Amino acid sequence: MSTATIESSAPTGHRLHPVALRIMHWINAVAIFIMIGSGWKIYNDDAIFGFHFPDAVVIGKWAQYGLQWHFFGMWIFVLNGLAYLSYGIASGRFRQKLFPISLGEILATVGDALRLRLSHDNLTHYNAVQKILYLGVMLIGVLIVISGLALWKPVQFSELADLFGDFQTIRLVHFLCMSAIVAFIVVHVSLALLVPKSLLAMVTGGPTVDEAKPRSTVASPIEATP
Amino acid sequence: MFRPTKPIDQSGLTEHRALVEAINRRGVLRGAVSLGALTMLTGCDVSENDSVQQALRTVSAWNDRVQEAIFRPHHLAPTYRASQVAKPPRFNAHFSIDEVKPIDGVSWQLELAGRIADKRSWTAQQLYQLPEQEIIIRHVCVEGWDYIGQWSGPNLRAFLERVGADLTAKYIYFICNDDFTESIDMATALHPQTILATKYAGDRLADPFGYPLRLRTSTKLGYKNAKWIKAIEVTNDYRETFWSKQGFNWFAGI
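Residues numbered from 1 in each chain as written. Chains lettered and ligands numbered in written order. Predicted model: local features only at pLDDT ≥ 70, side-chain atom pairs only at ≥ 80, totals over all residues. Heavy atoms only, no water.

Draft legend 1. Broad picture of the sheet that holds strand β8 (residues 199-200) of chain B. Residues and elements named next belong to chain B. The four strands are arranged β3-β4-β8-β9 in an open sheet whose pairing can be described as antiparallel. The open sheet has two edge strands, β3 (133-140) and β9 (203-204), and neither has a second partner. Note that strand β4 (residues 146-153) and β8 share two bridges and pair antiparallel. Of the residues in β8, the one forming a bridge with Trp151 is Tyr200. (Pairing = 2+ DSSP bridges. Helix = DSSP H or I, 4+ residues; strand = E, 2+ residues; numbered from the N terminus.)

Here's what the structure looks like:
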C-alpha cells in the first residue's frame, strides 16, 4: 500500500506529447510540405483562379515532377494521418484535449484573445479556439484526402466523385481544403514561434502530465493539494 | 525555401545521353516538335537529382501496381448527353495545333504486330466497315482540365478478338505518327468503354484529334489516348512510352 502511495504522488505520468505523437506530428509536417508544394505545381498547369504560384515556392521543376512528388507524398500523408487519428481516438487524447467545447468557452476565449489576455502558461490545456482549430484542421485533412481520391480516380471511384458533382467542383474542393490548411499553418506556426516552449514541447515532449488528471499537474496547485 | 535541395547536376546530361541518342536514331529530332521534347528531356536531367528522380519513379511504378489492383474491369465510367459535348474537342499534344502533320487516309494502313494471329494490315475503309460503338465520356487531362467528348469507332476488345489477339497478353502497344508511342494494360484494352475512335460527334476525326485512328478509353488520363495510330502490337514486354519516359505515370488510370 505504501509503495502505491509513493508511486501515485511521483511524476510517473506520461509526457504532454508522447514520443509516438511527436514522431507522427513531424512526419505529418514533412508530408504536408510535400503535398502543398507539389500541389501548387500541379495547380499551375491549369490555374483555377487568375494566378499562378511562383516557381520559387513549388516542388518540382516540371509538371511530371510535381505529380511524382504529390503521388509519393500522398502515401506518407494518408498512412501517417490514419495512424495519428487511430492513436488520438484509441488513446483518448482527442476526447481529453479537444472536448467538450462549450459556446460560453468559445466566447470567453475570443474575448480574451481580443484583449490580448490569452494565457499560454499551461501548455496542457487547450482553449476553445485551439480545440476548434485542431478539430477543424483534422476534418479538413480527411476531406482533402477524400476529394483527392475522387480527383485521382473519378471513374474507379465514380460513386465518391458523384457526391461532389462535376470534376472541376472536386478540384475546387481540394483547392479550398488546401487553402484552409495553409491558413491553419500560418496561425499554428506563428503562435508556436510566439510561445517557443510550445514548439519545444513538440520536440522534447513537454511537461509530464498525470494520467488520471489530464488537465496537468504542473500548473494547477489547487489540484495538487490533497 | 519550399523546394527540396536540388543541386544543378550536369552529370544528368551524360546519364541520359544514350536515351537522347536513341531518339535521334529514330529520327525524332528532325522536327521542331522533337526539339521541344529534347528540351524537356535535358531540362529534366539537370533540374533534379538523379537519385531523387530514381526514387520517385520507383514510387510511380508502385503506383502503377496499385492502380492495376483497384481497376474495376466492368465498372462503367459515367456517360453524358449529346447536348453536353464540347465541339470541337480540346486539342493537346507535345506540340501546337499548327504543327499537326495530317495523315493521308487513302494510303494509310494500320499495321498489326506481336501476339496476333491475323497480322494483315487494315485500311481506313476496312475499319469503317466494322460495327461502331459510340461513347460520350469525360476527357480528364493530367493538367486538370476536362471536357465531354463524343467518340465512335470499333470496340477495341471486339477488334482484338476479330484479329485473333492473345487476350492473356499484358500490354497493347501503340506506335503513332512521328514515333510517338503509348501503351495500355490488357484489362483496360478489354474494358467495354475502350474503342478505336474514327469519329467525333458523328463526323470523321479531324486531323488534330488523331485522324484516321486514335484510342479512346474512359478509364485513362487524356495523354494515354494515343492519336494518329500507325501500328498496334500485343505484347508481354513492358516498354516505356513517350510520356512515361519523361516521368509521367505509366498507368495513368482515372
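Draft legend 2. Examining the interface of chain A and chain B more closely. Taken together, the contacts link 34 residues of chain A with 40 residues of chain B. Note on chain A versus chain B: buried area summed over both sides is about 3,400 Å², and carbon and sulfur give 61% of it. Linking chain A with chain B are one salt bridge, by the criterion used here. One salt bridge in this structure joins Arg72(B) and Glu159(A), with 2.9 Å as the shortest N-O distance. At the junction of chain A with chain B, the criterion picks out 16 residue pairs in polar contact (both at pLDDT 80 or more). Contributions of two or more residues to the side of chain A that touches chain B are made by α2 (19-44), α3 (63-90), α7 (158-164) and α8 (167-194) of chain A. When residues of the side of chain A that touches chain B are assigned to their parent elements, the largest contribution, 10 residues, is made by α3(A). Partitioned by chemical class, the residues of the side of chain A that touches chain B number 20 nonpolar, six polar and eight charged. (Contact = heavy atoms within 4.5 Å. Buried area = accessible area lost by both parts, 1.4 Å probe. Salt bridge = Lys/Arg side-chain N within 4 Å of Asp/Glu carboxyl O. Polar contact = N/O pair within 3.5 Å; in protein donor to acceptor, adjacent residues only side chain to side chain. Nonpolar A, V, L, I, M, F, W, Y, C, P; charged D, E, K, R; others polar.)

Draft legend 3. Quick peek at the confidence of the model for chain A. Mean pLDDT over chain A stands at 87; residues scoring 70 or higher make up 88%. This stretch, residues 1-11 of chain A, has a pLDDT under 50; its non-local contacts, to residues over four places away or in other chains, come to two contacts. (pLDDT = per-residue confidence, 0-100.)

Draft legend 4. Seen up close, the pairing of strand β7 (residues 194-197) of chain B. Residues and elements named next belong to chain B. Neither face of β7 is left uncovered, since the one carrying Thr194 and Leu196 and the one carrying Ile195 and Ala197 both have all their residues buried. Strand direction decides the pairing type here: β7 and strand β10 (residues 214-217), joined by four bridges, are antiparallel. Counted as the bridge partner of Leu196 is Leu215 from β10. (Buried < 20%, exposed > 50% of the residue type's maximum accessible area, 1.4 Å probe, protein only.)

Draft legend 5. Quick look at helix α6 (residues 128-152) of chain A. In a regular helix each residue adds 1.5 Å, so 25 residues correspond to 36 Å; α6(A) covers 36 Å between its end C-alpha atoms and thus fits that length. Listing the buried residues of α6(A) in full gives Ala128(A), Lys131(A), Met138(A), Gly141(A), Ile144(A), Ser147(A), Gly148(A), Ala150(A), Leu151(A) and Trp152(A). In this structure, the buried side of α6(A) is in contact with α3, α4 (93-98), α5 (103-114), α7 and α8 of chain A together with α4 (50-70) of chain B. Sitting at the head of α6(A), Asn127(A) places a side-chain oxygen 3.0 Å from the backbone nitrogen of Val129(A). (Expected span 1.5 Å × (residues − 1).)

Draft legend 6. The sheet that holds strand β1 (residues 109-114) of chain B, seen in detail. Residue and element names in this part refer to chain B. Strand order across the open sheet formed by five strands is β2-β1-β11-β5-β6, with mixed pairing between neighbours. In the strand order of this sheet, the two ends are held by β2 (122-123) and β6 (181-185), each with one partner. In terms of strand pairing, β1 meets β2 through two bridges, oriented antiparallel. Opposite Leu110, over in β2, you have Trp122 as the bridge partner.

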